[in-house]
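# Per-entry structural report
In case you want the letters, here they are:
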Protein chains: 2
Amino acid sequence: MIGAGVIGRSWMYLFARAGCQTNVYDADPKQSEKAIAWLHDELKLESEAHNAGDRPSDCASLVTMQKSLEQALFDVRYVQESGPEQLERKQEMFRELDRSAAPDTVLASSTSTLDMSSIATGLKGARRCIVAHPVNPPHVVPVVELLPGKETSPDAVRQTQEFLTSIGQKPVLLLRYVHGFVLNRLQVALIREAIDLVIQGVADVDAVDAVVRDGLGLRWALMGPFGVGNTNADGGLRDYFSRYRGALIGLMNDLGPTPSFESDQIERLGRATDEMLGGMPQTELLRWRDRMIQKLRLVKDADPGPARKKQTHAS
Amino acid sequence: MIGAGVIGRSWMYLFARAGCQTNVYDADPKQSEKAIAWLHDELKLESEAHNAGDRPSDCASLVTMQKSLEQALFDVRYVQESGPEQLERKQEMFRELDRSAAPDTVLASSTSTLDMSSIATGLKGARRCIVAHPVNPPHVVPVVELLPGKETSPDAVRQTQEFLTSIGQKPVLLLRYVHGFVLNRLQVALIREAIDLVIQGVADVDAVDAVVRDGLGLRWALMGPFGVGNTNADGGLRDYFSRYRGALIGLMNDLGPTPSFESDQIERLGRATDEMLGGMPQTELLRWRDRMIQKLRLVKDADPGPARKKQTHAS
């Protein structure tokens, strides 16, 4: 685990919880120390919440802070890099990783914006480099977007899929690079229309959010847009898309433009969101989100429906 | 309950389950009979699934099929109309409803496309007419979009909010008419980008859906786009929108256009969706969805987080 910020520490928790010996390295050792302290706090809260027992309370003992990159990479099978989002810094880091890690070790990056073809360009070990972009926080949300670079080998893809699946994640294979990957594009498609509806005076912030959390989101936690579309007409997706073709095209063409995000617009949306959240402190809100997502996953795992025969979502 | 199709019968179930004496009327009595037979089937399945007990198994006895509109409206406090989506037919129906229902009875329409200002135009009782657009099926998904017409009285809005809340729904007040209301606009915003990602070869149907059902959707079942945005940066929504302003604008401007929905495109997406669903029959898929949504709602109700102090989502 290279880079011990908010994403890195969550990966660390995930790896250790799955029983993996985990080395932590950050150029700034204070970051590693903070990450390990955070892990202990999280595990304490977890064991209080669950009367201990159902989680290995000693998983922190699997985590070792390393003071040099070489030591951190020694005898390691999988590397997850979560450093700063700047191409030059990632390139430099991957040069170092490629130099020090054993030849078959997968080198994965948490980047949400960069293409592995650019990061690993010219590297001897480009074939074992891959983007593995998690959803924050990865120890709670299972999806990981996998994006091979031009030189990434099918074997490295398969190894990454297998490893992530074995620790409980849901790797999703992307077929080519696009700005924002899949997750952030879908996310901003919803945010763009949500903001426009508020700006146009169609509904306030709380109303728009309620339509999602008590309506659309209950379905999207079970099925994506294609699965839901399949349930939107008796005859399935084809029926939905053909019968409502005109209405769908009309509505899609009428969707709002990109908002300005000027400071008064941001302030107005921020104030309405504060009001909706009723002053719940951010730490408490995040803890509630994480705890709830874990509960929703348990409900889904117990009755996976159409996903019951699938082990991975790789294509 | 006027109009006993798929939406109407689900309202009927909801009303009866909440303990309301419910009259059912459809111009075609066979539709009413079918709806009541469906209710009995559903209740039987429910009681099998729950070893009976936790639902009033006799709620079907609260439902009465009526052969005339006048009888159906006699002594009724709330009317939910779920007839065909054609303006002239809705206008005609609302003329009849307004003529026969007691003067303070709320007349609500399930329309997903029409404006109550147009439906109730010129009606003596226009003040008690309102759009109450549910998510399919309303006895499972709680959100109801409320859209008053120009002449709808604040009192009718309040009555509708109170009644729907009392039977366990989450009414959401829209401030003005817009094509598709809030729900369908948000839904198609996601579908549009989802289709474009598949067409552009970025990911296949299952991968796009997995990003939602195992990623974004787990958060959207808890919080809408503004609530989630608030958790996407340490400093909340303002921080998220200001810090990532450039990236958000860039990504939003890069979102895909409206797809053609030509038949080969529909066929290709339909085939991939069939494959993803692994041949699960539609009835089984819908039962799974409905059962799972009910379970997710129980999890949320037990730990409602920032919504804990809210009784309605009316602004």
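Residues numbered from 1 in each chain as written. Chains lettered and ligands numbered in written order. Predicted model: local features only at pLDDT ≥ 70, side-chain atom pairs only at ≥ 80, totals over all residues.

### Here we look at the sheet that holds strand β6 (residues 143–148) of chain A
All names here are of chain A. The 5 strands are arranged β3-β4-β5-β6-β7 in an open sheet whose pairing can be described as mixed. Only two strands of the sheet have a single partner each, and these edge strands are β3 (78–81) and β7 (170–173). Averaged over all pairs of adjacent strands, the angle between strand axes in this sheet comes to 30°, irrespective of strand direction. In terms of strand pairing, strand β4 (residues 106–109) meets strand β5 (residues 129–134) through 3 bridges, oriented parallel. Residue pairing for β5: Ala108 is matched across the bridge by Ile130. (Pairing = 2+ DSSP bridges. Helix = DSSP H or I, 4+ residues; strand = E, 2+ residues; numbered from the N terminus. Axes fitted to C-alpha atoms, helices over the stretch in contact; angles between N-to-C directions.)

### A few points about the interface of chain A and chain B
On the chain B side, the residues contacting the 99 residues of chain A number 99 residues. Broken down by element, the side of chain A that touches chain B gets its largest block of residues, 16 residues, from helix α8 (residues 205–220) of chain A. (Contact = placed C-beta atoms within 7 Å.)

### Some details on unusual backbone geometry
Along the chain, Asn136 of chain A connects to Pro137 of chain A via a cis peptide bond; the corresponding omega equals -10°. When you line up the elements, Pro137 of chain A lands in the loop between β5 and β6. The backbone of Phe181 of chain B shows a phi angle near 55°, a positive value even though the residue is not glycine. Locating Phe181 of chain B in the fold gives a position in the loop between β7 (170–173) and α7 (183–199). Residue class for Phe181 of chain B comes out buried when judged on the 24 C-beta atoms lying within 10 Å of it. (Buried ≥ 20, exposed ≤ 12 C-beta atoms within 10 Å, placed from the backbone.)

### Re the relation of the copies chain A and chain B
The relation between the two copies of this chain is a rotation about an axis and a shift parallel to it. Once turned by 180° and shifted 0.0 Å along the axis, chain A lies on chain B with an RMSD of 0.0 Å. In symmetry terms, the pair is related by a two-fold rotation axis. The residues that chain A uses at the interface reappear at the interface of chain B in 100% of cases, marking a shared surface. (Least-squares fit on C-alpha atoms with pLDDT ≥ 70 in both.)

### Some points on the sheet that holds strand β3 (residues 78–81) of chain B
Residues and elements named next belong to chain B. Taken together, 5 strands build an open sheet; the order of strands is β3-β4-β5-β6-β7 and the sheet is mixed. Strands with a single pairing partner mark the edges of an open sheet, and in this sheet they are β3 and β7. Across the sheet, the mean angle from the axis of one strand to that of its neighbour is 30°, orientation sign disregarded. The pairing of strand β6 (residues 143–148) with β7 spans 4 bridges and is classified as parallel. Bridge assignment links Val144 to a residue of β7, and that residue is Pro171. Packing of helix α4 (residues 87–100) onto the sheet brings it into contact with β3, β4 (106–109) and β5 (129–134), and relative to β4 it is tilted by some 165°.

### Some words on the environment of Tyr244 of chain A
All names here are of chain A. Tracing the backbone shows Tyr244 in the loop between α10 (236–243) and α11 (245–253). The partly exposed category is assigned to Tyr244, around which 18 C-beta atoms lie within 10 Å. Considering only alpha carbons, one finds Tyr244 and Ala72, 172 residues apart in sequence, at a separation of 56 Å.

### Examining the domain arrangement of chain A
As assigned here, chain A comprises domain 1 (6–173) and domain 2 (183–279). Computed from C-alpha coordinates alone, the two centres of domain 1 of chain A and domain 2 of chain A are separated by 32 Å. (Domains from an automatic or database assignment.)

### Some remarks on the pairing of β5 of chain B
Residue and element names in this part refer to chain B. Most of β5 sits inside the fold, with 6 of its 6 residues counted as buried. Side-chain alternation along β5 places Cys129, Val131 and His133 on one buried face and Ile130, Ala132 and Pro134 on a second face that is also buried. By the bridge criterion, 5 bridges tie β5 to β6 in an arrangement that is antiparallel. The residue of β6 that forms the bridge with Val131 is Leu147.

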